[in-house]
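Examining the three-dimensional arrangement
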Amino acid sequence: MPHVNVTIAGKSYRMACGAGEEDHLAALARDLDERVAEMRSTFGEIGDMRLQVMAALTLADELHEARRRIAGLERDAAEGAAEQARLAGSVGVAAERIDRLARALSGQPTGQSGS
């Protein structure tokens, strides 16, 4: 199992990860480190652990909001697909009516082709 050394809030951590996930883990650690640095510049020195918890809660809040938005988009997509199916059915019914009317106007009995 690969390991990656990351630095968060000036402290180094050796983290295990899946093969091929090293760069992703390093990027996540950089993001968390940047969040901690932002919190430190906003709130000052209130303790590393507290800053890390605040940064983690900010990320958790963003994740929660993203999941909520994705669920809404999935609902909208499902409703859109259902509406498309209803519309397609209505178009099919309308096409059948038009076909029957066209046959009636041309004097052909319904159910026969115009060949």
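Report follows, based on the coordinates. Computed from a predicted structure; not experimentally measured. (Residues numbered from 1 in each chain as written. Predicted model: local features only at pLDDT ≥ 70, side-chain atom pairs only at ≥ 80, totals over all residues. Heavy atoms only, no water.)

1. Some thoughts on the packing of helix 1 (residues 22-43) against helix 2 (residues 48-106)
Packing of helix 1 against helix 2 brings their axes to within 9 Å, and their N-to-C directions diverge by 115 degrees. Viewed along their axes, helix 1 and helix 2 form a crossing whose handedness is right-handed. Judged by residue contacts, Asp-31, Leu-32, Arg-35, Val-36, Met-39, Arg-40 and Phe-43 of helix 1 engage Asp-48, Leu-51, Gln-52, Met-54, Ala-55, Ala-56, Thr-58, Leu-59 and Glu-62 from helix 2. Tallied by class, the residues present in the contact of helix 1 with helix 2 amount to nine nonpolar, two polar and five charged. (Axes fitted to C-alpha atoms, helices over the stretch in contact; angles between N-to-C directions. Helix = DSSP H or I, 4+ residues; strand = E, 2+ residues; numbered from the N terminus. Left-handed = near helix turned anticlockwise from the far one by under 90°. Contact = heavy atoms within 4.5 Å. Nonpolar A, V, L, I, M, F, W, Y, C, P; charged D, E, K, R; others polar.)

2. As for the pattern of salt bridges
By the definition in use, this model includes eight salt bridges. Ionic pairing is found between Arg-35 and Glu-62, a salt bridge with its closest N-O pair at 2.7 Å. Taken together, the residues Arg-35 in helix 1 and Glu-62 in helix 2 connect sequence positions 27 residues apart. Residue class for Glu-62 comes out partly exposed when judged on its relative accessible area of 40%. Ionic contacts of the salt-bridge type, sharing partners, join the residues Lys-11, Arg-40, Glu-45 and Asp-48 into one network. (Salt bridge = Lys/Arg side-chain N within 4 Å of Asp/Glu carboxyl O. Buried < 20%, exposed > 50% of the residue type's maximum accessible area, 1.4 Å probe, protein only.)

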